[in-house]
Amino acid sequence: MNTKFYSICQPDSPRAQAMLAARRAEYEAWRIAYAVPIDEDDRDWTEHAASIRAHVGGSEGFIADRLVALAVVDKLPKFRAHIESMWHLDMYTLVRIGKTLEGFLVSTAARDQEVWPLVDEFLTNYLTPTRVQQQMPSAAQIQRKLSQFLAQFEDATAEPDSPADLNLGFTVHNFGNGSTHIGVSHDDATALLIEETVRAYAADNNISLVDAHAELILGKASVKVVVNTYQACDVPGAPVWAPGVGYMRDYSGSFLNRLSDHTRDLIGAEYEEVTAYRVSTSIRAYLEGRDGICRWPGCERPAHRTEKDHRINWADGGPTSPANMICLCSHHHNRKTDQVVHYILDPITADVYWLFSDGTWVVDHAEGPLAPANRNWVRTLGQKLRSRHPDKVPA
């Protein structure tokens with residue numbers, strides 16, 4: 001079978017086809033409920049929502065999320081046609097996409113009429129399978145990828161952002177049962193450094209993350225951490241990618257770069273090989289930058305929190321090199337070690353083909369900035385932004 005498709009659309013799988021039919025039915029039902037596009041309906045919103053709720057149920061917010069999602073999809077004609085030909089996206093995922101683009105609608109970049117066709121093209125291309133039995137990106141992965149794409153337009157068409165532009169906050173809530181929740185929102189760079197500091201101190205002192213956070217915040221201890229960030233050296237104005245965050249906005253990336261006291265060139269690291277079982281510093285950095293997350297289908301554990309697995313076991317002669325290794329969280333590493341599943345790694349594309357005991361299989365793409373597809377994406381995006389706004393992108 002040569003046709004490329006997502007595993008959730010597998011043509012000869014009754015389960016896949018049943019769920020495809022369910023996604024299509026839900027989408028078409030909301031199309032009927034949508035009826036008149038929001039921007040063409042002059043009725044009072046409360047009355048509009050009430051009339052819809054009388055027929056479909058759900059809260060006003062539930063209804064609004066789905067109508068806004070459809071309104072956003074209608075601004076993207078290629079993407080809409082793509083959805084309605086493949087039926088690979090459920091309404092929950094479309095709501096996540098809609099929420100992301102709804103926020104973008106009020107931005108300076110969104111007012112540039114040239115941007116929307118590029119967004120349309122990006123979503124259509126990103127959500128088109130390139131392999132047979134390809135793993136479908138999760139809603140969170142799609143939203144993260146889209147947010148990163150939009151952030152780069154913001155950085156190229158507007159003034160650099162700063163913490164004052166972000167939705168930051170500090171909240172305290174007492175549950176009345178002896179515990180209190182403290183919530184803090186930081187910019188990506190600050191949050192990443194705080195998390196790494198807490199985790200490093202907890203590991204060094206064999207205490208919980210909660211206790212580590214308390215001791216550090218109360219000034220009882222200090223710790224130094226190392227954070228690997230990635231930025232293309234051959235793409236002017238390339239975004240900075242950080243583990244657990246992804247491509248960062250201008251302020252956060254610049255902040256981390258200013259703190260950096262060491263730069264490592266990873267060109268050639270994908271071909272490096274060591275004789276020992278443990279990976280070298282450069283191989284570890286390359287694997288985490290290539291994979292981005294745990295390579296088990298659907299797992300989103302950041303790659304820097306994973307173990308490094310030899311596809312062909314080291315004891316059986318498998319080399320310690322990126323061509324024979326992937327990032328797996330400890331839970332899924334154990335599943336592979338126990339031979340519950342097997343996988344094949346394509347050393348050129350970094351695709352991982354997972355083979356399950358029931359005879360099914362799925363192919364997983366690498367998520368990190370060093371994955372071949374993502375390196376090309378950053379280069380292409382950089383070229384587009386420079387051609388459209390040459391005065392906004394550093395030369």
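Quick note: structure is the one above.
A brief report on the enclosed structure follows. Quantities reported herein were computed from a predicted structural model and do not represent experimental measurements.

## What about the pattern of salt bridges?
Reasoning step 1: Counted by the stated rule, this structure contains 17 salt bridges.
Reasoning step 2: The closest approach of N and O atoms between R131 and D351, which form a salt bridge, is 2.7 Å. One end of the pair, R131, is in the loop between α6 (115-126) and α7 (139-157); the other, D351, is in the loop between β7 (342-345) and β8 (352-355), with 220 residues separating them in the sequence.
Reasoning step 3: A salt bridge links E288 to R284, with the nearest nitrogen and oxygen atoms 3.8 Å apart. Taken together, the residues span about one helical turn, with E288 and R284 both in helix α11 (residues 281-291) at a distance of four residues.

## Details of the sheet that holds strand β9 (residues 361-364)
Reasoning step 1: Pairing is antiparallel across the open sheet formed by three strands, whose spatial order is β7-β8-β9. Sheet topology places β7 and β9 at the edges, where each strand pairs with a single neighbour. Neighbouring strand axes in the sheet, compared pairwise and without regard to direction, differ in orientation by 20° on average.
Reasoning step 2: Here β8 runs beside β9; their pairing, made up of four bridges, is antiparallel. Across the sheet, residue Y353 finds its bridge partner in β9, namely V363.

## Here we look at unusual backbone geometry
Reasoning step 1: The residue Q339 is not glycine, and still its phi comes out positive at about 60°.
Reasoning step 2: Summarising the element assignment, Q339 is placed in the loop between α12 (330-337) and β7.

## Describing α12
Reasoning step 1: Looking at α12, one finds that the buried residues are H332, H333 and K336. End-on view of α12: buried residues confined to an arc of 110°, all on one side of the axis.
Reasoning step 2: Buried residues in α12 make contact with β5 (307-310), β6 (325-328) and β7.
Reasoning step 3: Just downstream of α12, Q339 is the residue with a positive phi angle, here 60°.

## Things to note about the nonpolar core
Reasoning step 1: Counting residues in hydrophobic clusters, the biggest one holds 38 residues, and the most contacted among them are F79, L89, L94, I97, L101 and L123.
Reasoning step 2: Elements represented by at least two residues in this core include exactly α1 (14-34), α3 (60-73), α4 (77-86), α5 (91-104), α6 and α7.
Reasoning step 3: In contact with L101, not counting residues within four places along its chain, are V72, L76, W116, V119, L123, L146 and L150.
Reasoning step 4: In terms of nonpolar packing, the next biggest core, distinct from the first, is built from 12 residues, I326, Y343, W354 and V362 among them.

## Section: the packing of aromatic side chains
Reasoning step 1: Across all of its chains, the model carries nine aromatic pairs by this definition.
Reasoning step 2: Taken together, a centroid distance of 5.8 Å and an interplanar angle of 5° make the contact between F122 and Y126 stacked. With a gap of four residues between them, F122 and Y126 both fall in helix α6, about one helical turn apart. Across the pair, Y126 and F122 agree in class, each one buried.
Reasoning step 3: With a centroid separation of 5.0 Å and an interplanar angle of 55°, the aromatic rings of Y343 and W354 are classed as tilted.

## Observations regarding the pairing of β6
Reasoning step 1: Both faces of β6 are covered, namely the face carrying M325 and C327 and the face carrying I326 and L328.
Reasoning step 2: By the bridge criterion, four bridges tie β5 to β6 in an arrangement that is antiparallel. Each residue of the ladder has a partner; that of K308, found in β6, is C327.

## Notes on the side chain of T93
Reasoning step 1: Its location among the elements puts T93 in helix α5.
Reasoning step 2: By relative accessible area, which is 8% here, T93 ends up buried.
Reasoning step 3: A distance of 2.8 Å separates a polar atom in the side chain of T93 from a polar atom in the side chain of D90.

## Comments concerning the state of the cysteines
Reasoning step 1: Counted under the stated rule, the structure contains zero disulfides.
Reasoning step 2: C294 provides the cysteine sulfur closest to C329, a residue in no disulfide bond, and the two sulfurs are 3.9 Å apart.
Reasoning step 3: Looking at C329, the relative accessible area reads 5%, which means it is buried.

Rules used in this analysis
- Residues numbered from 1 in each chain as written.
- Predicted model: local features only at pLDDT ≥ 70, side-chain atom pairs only at ≥ 80, totals over all residues.
- Heavy atoms only, no water.
- Salt bridge = Lys/Arg side-chain N within 4 Å of Asp/Glu carboxyl O.
- Helix = DSSP H or I, 4+ residues; strand = E, 2+ residues; numbered from the N terminus.
- Pairing = 2+ DSSP bridges.
- Axes fitted to C-alpha atoms, helices over the stretch in contact; angles between N-to-C directions.
- Buried < 20%, exposed > 50% of the residue type's maximum accessible area, 1.4 Å probe, protein only.
- Arc of directions from axis to C-beta.
- Contact = heavy atoms within 4.5 Å.
- Core = buried A, V, L, I, M, F, W, Y, C linked by side-chain atoms within 4.5 Å.
- Phe/Tyr/Trp six-rings, centres within 6.5 Å; stacked < 30°, edge-to-face > 60°.
- Polar contact = N/O pair within 3.5 Å; in protein donor to acceptor, adjacent residues only side chain to side chain.
- Disulfide = S-S within 2.5 Å.

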